[in-house]
Amino acid sequence: MSAPILESASPWFVDFQDVWLAYNDELLKQNHFAVEAIDLQVRKGEFIAIVGPSGCGKSTFMKLTTGLKMPSKGKILIDNEPVTGPLKISGMAFQAPSLLPWRTTVDNVLLPLEIVEPYRSNFKAKRKEYEERARKLLQKVGLGGYEDKFPWQLSGGMQQRASICRALIHEPKMLLLDEPFGALDAFTREELWCILRDLWTEQQFNVILVTHDLRESVFLADTVYVMSKSPGRFVVKREIDLPRPRDLEITYTKEFTDIVHELRGHIGAMRSSAPAASGAITQ
Amino acid sequence: MSKKQIETWAPWVLLVVFILLWQLLCTVFEVSEFVFPSPARIWTQFWEFKGIIAGHAWRTFWVTMAGFGIAIVVGVLLGFVIGSSRLAYAAVYPLMTAFNALPKAAFVPILVVWFGIGVGPAILTAFLISFFPIMVNIATGLATLEPELEDVLRVLGAKRWDVLVKVGLPRSMPYFYGSLKVAITLAFVGTTVSEMTAANEGIGYLLISAGSAMQMGLAFAGLVVVGAMAMVMYELFSAIEKHTTAWAHRGSQNA
């Protein structure tokens, strides 16, 4: 019974202890897991990136972290609390901005406040104040002047900025991004990297970034995790010790490209040995 | 004339050309007015019987609107239930599809037994024939929610109801108005078909009695009136659709 005391003293913000997830009971019986044996500890305010081939369970990992899915085995602690259901301290954004076309940009950003407590109960009374907050946030990501436009009047990059604003409006402690820049062109993408970097530097929330883009992960994250596919496991942990604040110029330095190369090597090795490994595990 | 103006006038021009051609064929080949009346004959009969036609048309109109009104209420409610619950969708949808495949005209004799000759069968036929597209469209709008968006909201503690009200319903509105356009024309079909056998009033009744009296001009005039009413209502709902859900028609708006 000494465990709770230990936990409360835990320095970790995100703490996965040997977490396994099978999507349903049948798959569980067959020992077929979407993600396996995740042991992961993240400091408060740390920016982590998860890279790996498609279908390796990155999105499953996000669902576990936000409490949308419960693990089949193991334990997840977020901010020293065991996860028991959807975690309101998190904000999410995906590759598709999925803004509501009948709401203006600022109304889209306000949507979470209409749903999550404690904002929900006083939303009508404090609407002005919240709207002000949403407008400020939009201006910060370079959408000043577009607040009252409809999403379909914005470019893809602008929509994605609005989507990130929507994820941040309720000041979450943890931001989860699932390939948020995947559908954007290279220049827009780099622009948004910097916006995300600045938001994070200013507000110091935790970020979990799922991505295919190794340069993106190295540029933004404190720690990069490489996931393997079937079984979905974390196979490599790489601390990125590049100095902060990081500028886009850093992506052209040798240290930077060396790290990208190294990660690329891990993924390449995994891909070539994947069939053998998966054969061994599904047994 | 701009391209837009030409587009606006095109249907009217086509209509005039069509009528002229019709008149020409009737005159040149001396087609009997009892077999296939010319537009001129239809017009004179229409003018001669305008009072009678107006009475029947009004009856058909309000009966159709009553049936259509019930169809909206029932269609929206059923669509809401089916679209918001997977179980209800699985259970109800196949049955509804089977029901929709039945010819609604076949219900008329049954409805006559239950409700007698008069407005009852006509209203119900209009309802039966027109609620299906409304239901399907509401259900589709609700059921095809992006899973990412649902995750974004669920993680904030959104209940099913929140997601339905904030996202599902507004999203299904363009589908809903789109379905009204289809449903109103179907409702006119239902009313007319029913009136042909089960009423002593209405355009359907007029068609049958004019036909049996060999008043072909009058019968055709009745058809034109139903067509015109259906088209006016279609355009009305089309205009409502454009005004209420402009966000879904942005392509035409920017042009």
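The paragraphs below set out a description of the structure included in this document. From a predicted model like this one, the values you see are computed outputs, not experimental measurements. (Residues numbered from 1 in each chain as written. Chains lettered and ligands numbered in written order. Predicted model: local features only at pLDDT ≥ 70, side-chain atom pairs only at ≥ 80, totals over all residues.)

**Some words on the overall build of chain B**
Link 1 in the chain: A count of helices and strands for chain B gives eleven helices and zero strands.
Link 2 in the chain: Its C-alpha atoms put chain B at 75 × 60 × 25 Å along the principal axes.
Link 3 in the chain: Intrachain contacts of chain B at a sequence separation of at least 6 include 75% that bridge at least 24 residues. (Helix = DSSP H or I, 4+ residues; strand = E, 2+ residues; numbered from the N terminus. Contact = placed C-beta atoms within 7 Å.)

**With respect to the pairing of strand β10 (residues 233-239) of chain A**
Residues and elements named next belong to chain A.
Link 1 in the chain: Examined bridge by bridge, strand β9 (residues 223-228) and β10 share six bridges and lie antiparallel to one another. Bridge pairing in β10 links S228 to R233.
Link 2 in the chain: Two successive antiparallel strands, β9 and β10, enclose a turn made up of four residues, where S230 displays a positive phi of approximately 25 degrees. (Pairing = 2+ DSSP bridges.)

**Quick notes on the environment of B:G178**
All names here are of chain B.
Link 1 in the chain: With respect to the helices, strands and loops of the structure, G178 is situated in helix α8 (residues 160-198).
Link 2 in the chain: Residue class for G178 comes out partly exposed when judged on the 19 C-beta atoms lying within 10 Å of it.
Link 3 in the chain: Each C-alpha atom of the pair G178 and S238 lies 7.5 Å from the other, and the pair is 60 residues apart in sequence. (Buried ≥ 20, exposed ≤ 12 C-beta atoms within 10 Å, placed from the backbone.)

**Quick word on the nonpolar core**
Residues and elements named next belong to chain A.
Link 1 in the chain: Residues I50, V109, L138, C165, A221 and V224 are the most contacted members of the largest nonpolar core, which totals 82 residues.
Link 2 in the chain: Examining the composition of this core, we find that six residues originate from one element, helix α6 (residues 156-168), more than from any other.
Link 3 in the chain: Other than its neighbours up to four places away in sequence, A221 contacts F47, I48, A49, L209 and I240. (Core = buried A, V, L, I, M, F, W, Y, C linked by C-beta atoms within 7 Å.)

**So, helix α10 (residues 216-244) of chain B**
All names here are of chain B.
Link 1 in the chain: For α10, with 29 residues, the first-to-last C-alpha span of 42 Å sits near the 42 Å given by 1.5 Å per residue.
Link 2 in the chain: Burial in α10 covers these residues: G217, L218, A219, F220, A221, G222, V226, M233 and E241.
Link 3 in the chain: Of the surrounding secondary structure, the elements contacted by the buried residues of α10 are α2 (39-48), α3 (50-84), α8 and α9 (203-212). (Expected span 1.5 Å × (residues − 1).)

**Brief notes about the interface of chain B and chain A**
Link 1 in the chain: Of the residues lining the interface, 17 residues belong to chain B; the matching set on chain A comes to 21 residues.
Link 2 in the chain: Elements supplying a minimum of two residues to the side of chain B that touches chain A: α7 (147-154) and α8 of chain B.
Link 3 in the chain: Counting residues per element, the side of chain B that touches chain A draws most heavily on α7(B), at six residues.
Link 4 in the chain: For the side of chain B that touches chain A, the residue count by class is nine nonpolar, one polar and seven charged. (Nonpolar A, V, L, I, M, F, W, Y, C, P; charged D, E, K, R; others polar.)

Note that every value here comes from positions in space, so none of it alone points to a role or purpose.
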